[in-house]
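Geometric and topological summary
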Amino acid sequence: GESVGLHLPTLSVQEGDNSIINCAYSNSASDYFIWYKQESGKGPQFIIDIRSNMDKRQGQRVTVLLNKTVKHLSLQIAATQPGDSAVYFCAENINDYKLSFGAGTTVTVRA
Amino acid sequence: DAEITQSPRHKITETGRQVTLACHQTWNHNNMFWYRQDLGHGLRLIHYSYGVHDTNKGEVSDGYSVSRSNTEDLPLTLESAASSQTSVYFCASSEMGGTEAFFGQGTRLTVV
């Protein structure tokens, strides 16, 4: 499943498929980006980060892509599992330790 | 293990009352933040602190205040609670020079 365009608030994906969550950021001076996962009733949890001098970074089953030209960030989740159901937020940092968050995308995994 | 804890987890208060939400971290982080989370708005920054006795306003600071008397705690006070302040509040901390923020479990505040 893929969220197309700048941002979709919800994404439904079949278990086992790959997920792509998109995020547009606002400030060309942002130098650091983070993806957080928030499960129901919990605080956001760090997934993966990337600095502005990189365009791709991989973690365990997750990959973050950064396109500075169009100010776009994406999170790819491989082989999506039921435990991946959550709200995903991208956040940008503008070199002063504060994070500015997007509105979030709710991912629902279908069995 | 180091952690960040918020209390209470749930609170109901009346309009006009003063309310204080607690945040305590054992990471020894210099940076601490308070966010509120509302449907359709994601997380919005209320106040933040880069160290003891340092406090700064975020994008939605009206009606809120914080104080930082030690490294571990950043209590958030609603001076006179309003229904518009019904929300879920998250506290976070990060290292000086670091940018990944660690979040607490949140406090759900209802103002009636």
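Anyway, here's the lowdown on the structure attached to this text. Here the structure is a predicted model, which is why all the values come from computation and not from measurement.

This part is about the overall build of chain A. Helix and strand counts for chain A come out as zero helices and ten strands. Ordered by position from N to C terminus, the α and β elements of chain A give β-β-β-β-β-β-β-β-β-β. Over its C-alpha trace chain A gives a radius of gyration of 13 Å, about what one expects of a compact globule, namely 13 Å for 111 residues. Overall size of chain A, expressed as C-alpha extent along the three principal axes, is 40 × 30 × 25 Å. Put simply, chain A has 111 residues, and 41% of those count as buried. Sequence separation of at least 24 residues holds for 48% of the intrachain contacts in chain A that already meet a minimum separation of 6. Of the side chains in chain A, 10 bear a positive and 10 a negative charge, and the two mean positions are spaced by 2 Å.

Another point: the packing of aromatic side chains. Across all of its chains, the model carries twelve aromatic pairs over all chains by this definition. Taking 5.8 Å as the distance between ring centres and 40 degrees as the angle between the ring planes, the aromatic pair formed by Y35 of chain B and F103 of chain B counts as tilted. In this pair, Y35 of chain B sits in strand β4 (residues 31-38) while F103 of chain B sits in strand β10 (residues 102-103), placing the two residues 68 residues apart along the sequence. By the burial criterion, Y35 of chain B is buried, and F103 of chain B matches it. Members of the aromatic cluster, each reached through a chain of ring pairs, are Y36, F89 and F101 of chain A together with F33, Y35, Y48, Y50 and F103 of chain B.

To continue, consider the sheet that holds strand β1 (residues 4-7) of chain B. Residues and elements named next belong to chain B. If you walk across this open sheet you meet the four strands as β1-β3-β8-β7, and the pairing is antiparallel. Since the sheet does not close on itself, it has two edges, and those belong to β1 and β7 (64-66), each with one partner. Sheet twist, expressed as the mean angle between neighbouring strand axes with direction ignored, is 20 degrees. Pairing geometry for β7 and strand β8 (residues 76-78), over three bridges, is antiparallel. In the sheet register, S65 faces β8, and the bridge partner there is T77.

Looking now at the pattern of salt bridges. By the definition in use, this model includes five salt bridges over all chains. Between D84 of chain A and R61 of chain A there is a salt bridge, with the nearest N and O atoms lying 2.9 Å from each other. A residue pair is termed long-range when its members are at least 10 positions apart, and D84 of chain A in the loop between β7 (72-77) and β8 (86-93) and R61 of chain A in the loop between β5 (56-58) and β6 (62-67) qualify at 23 residues. The exposure class of R61 of chain A is partly exposed, given its relative accessible area of 30%. For the salt bridge of R17 of chain B with E14 of chain B, the shortest nitrogen-to-oxygen distance reads 3.4 Å.

What counts, and where the lines are drawn
- Residues numbered from 1 in each chain as written.
- Chains lettered and ligands numbered in written order.
- Predicted model: local features only at pLDDT ≥ 70, side-chain atom pairs only at ≥ 80, totals over all residues.
- Heavy atoms only, no water.
- Helix = DSSP H or I, 4+ residues; strand = E, 2+ residues; numbered from the N terminus.
- Rg over C-alpha atoms; globule rule 2.2 N^0.38 Å.
- Buried < 20%, exposed > 50% of the residue type's maximum accessible area, 1.4 Å probe, protein only.
- Contact = heavy atoms within 4.5 Å.
- Lys, Arg positive; Asp, Glu negative; His and termini not counted.
- Charge placed at Lys NZ, Arg CZ, Asp CG, Glu CD.
- Phe/Tyr/Trp six-rings, centres within 6.5 Å; stacked < 30°, edge-to-face > 60°.
- Pairing = 2+ DSSP bridges.
- Axes fitted to C-alpha atoms, helices over the stretch in contact; angles between N-to-C directions.
- Salt bridge = Lys/Arg side-chain N within 4 Å of Asp/Glu carboxyl O.

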